[in-house]
Amino acid sequence: AQSVTQLDSQVPVFEEAPVELRCNYSSSVSVYLFWYVQYPNQGLQLLLKYLSGSTLVKGINGFEAEFNKSQTSFHLRKPSVHISDTAEYFCAVSDQGAQKLVFGQGTRLTINP
Amino acid sequence: DAGVIQSPRHEVTEMGQEVTLRCKPISGHNSLFWYRQTMMRGLELLIYFNNNVPIDDSGMPEDRFSAKMPNASFSTLKIQPSEPRDSAVYFCASTSGLSEAFFGQGTRLTVV
């Protein structure tokens, strides 16, 4: 079975500063990896995904993530954040065969002016 | 496509009543998921279907919860009888299995 650990429940940063949201997963099989964002009172929308190929994945709103198989990590980064990035961010993993999608606990990103 | 459609968006009910949440997945998607989101427990997978068949319902909290998918374009999650601790936002998501899952806007359930 897969599992996901998001190491930080809350991350406060100043506007225009860089940010990294950490995600580690465990699985005995090959996986797909995802980052989703949830704005207040809304559903989840996809930021980026790793299915195969290049380990550096670029997503929407200037975010990127790097898949590191040896460290079983998929950390999310942005070089310069904006107030509008304030949201909750979820890392997720799915078994390539079974399609079961499992989420981490989420990281609340707060941007201070 | 209009995306994953959930109804109702908000539901307030009294303890003991039956509650039915509805989901219409994206056309052509063959997997459907029901999640529950609370402050305490985060986003929990309750059950998922593949080709209308329940594959894993290990996340369903207890017998008061049941889910059905009678055809490829419709699913329900039923709680009977409802309890205050069932108050949460319930999300439905669908995927073709080749890429990401798409989420509905959720149903905010309040049981008083």
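Residues numbered from 1 in each chain as written. Chains lettered and ligands numbered in written order. Predicted model: local features only at pLDDT ≥ 70, side-chain atom pairs only at ≥ 80, totals over all residues. Heavy atoms only, no water.

Caption draft 1: Broad picture of the overall build of chain A. Check the secondary structure of chain A and you find zero helices and 12 strands. In sequence order, the secondary structure elements of chain A are arranged as β-β-β-β-β-β-β-β-β-β-β-β. Here the C-alpha atoms of chain A give a radius of gyration of 13 Å, agreeing with the 13 Å that 2.2 N^0.38 yields for 113 residues. Counting every position in chain A, which comprises 113 residues, the buried fraction comes to 48%. With the model as given, the accessible surface of chain A reaches about 5,400 Å², and the carbon-plus-sulfur share is 49%. If you average the places of the 8 positive and of the 9 negative side-chain charges in chain A, the two averages end up 7 Å apart. (Helix = DSSP H or I, 4+ residues; strand = E, 2+ residues; numbered from the N terminus. Rg over C-alpha atoms; globule rule 2.2 N^0.38 Å. Buried < 20%, exposed > 50% of the residue type's maximum accessible area, 1.4 Å probe, protein only. Areas by Shrake-Rupley, 256 points an atom, 1.4 Å probe, with all protein chains shown as cover. Lys, Arg positive; Asp, Glu negative; His and termini not counted. Charge placed at Lys NZ, Arg CZ, Asp CG, Glu CD.)

Caption draft 2: Structural context of the packing of aromatic side chains. In this structure the tally under the stated criterion is 13 aromatic pairs over all chains. When the ring of Tyr36 of chain A is compared with that of Phe103 of chain B, the centres are 5.5 Å apart and the planes differ by 75°; the resulting orientation is edge-to-face. Of this pair, Tyr36 of chain A sits in strand E5 (residues 31–38) while Phe103 of chain B sits in strand E10 (residues 102–103), on two different chains. Phe103 of chain B carries the same exposure label as Tyr36 of chain A, and that label is buried. Members of the aromatic cluster, connected to one another through ring pairs, are Phe34, Tyr36, Phe90 and Phe103 of chain A together with Phe33, Tyr35, Tyr48, Phe91 and Phe103 of chain B. (Phe/Tyr/Trp six-rings, centres within 6.5 Å; stacked < 30°, edge-to-face > 60°.)

Caption draft 3: Region of interest: the pairing of strand E11 (residues 107–111) of chain B. All names here are of chain B. Burial along E11 is one-sided: the face carrying Thr107, Leu109 and Val111 is buried and the face carrying Arg108 and Thr110 is not. Where strand E2 (residues 10–13) and E11 come together, four bridges link them in parallel fashion. Bridge pairing in E11 places His10 opposite Arg108. As paired strands, strand E9 (residues 88–95) and E11 are joined by three bridges and run antiparallel to one another. For Tyr90, the partnering residue across the bridge sits in E11 and is Thr107. (Pairing = 2+ DSSP bridges.)

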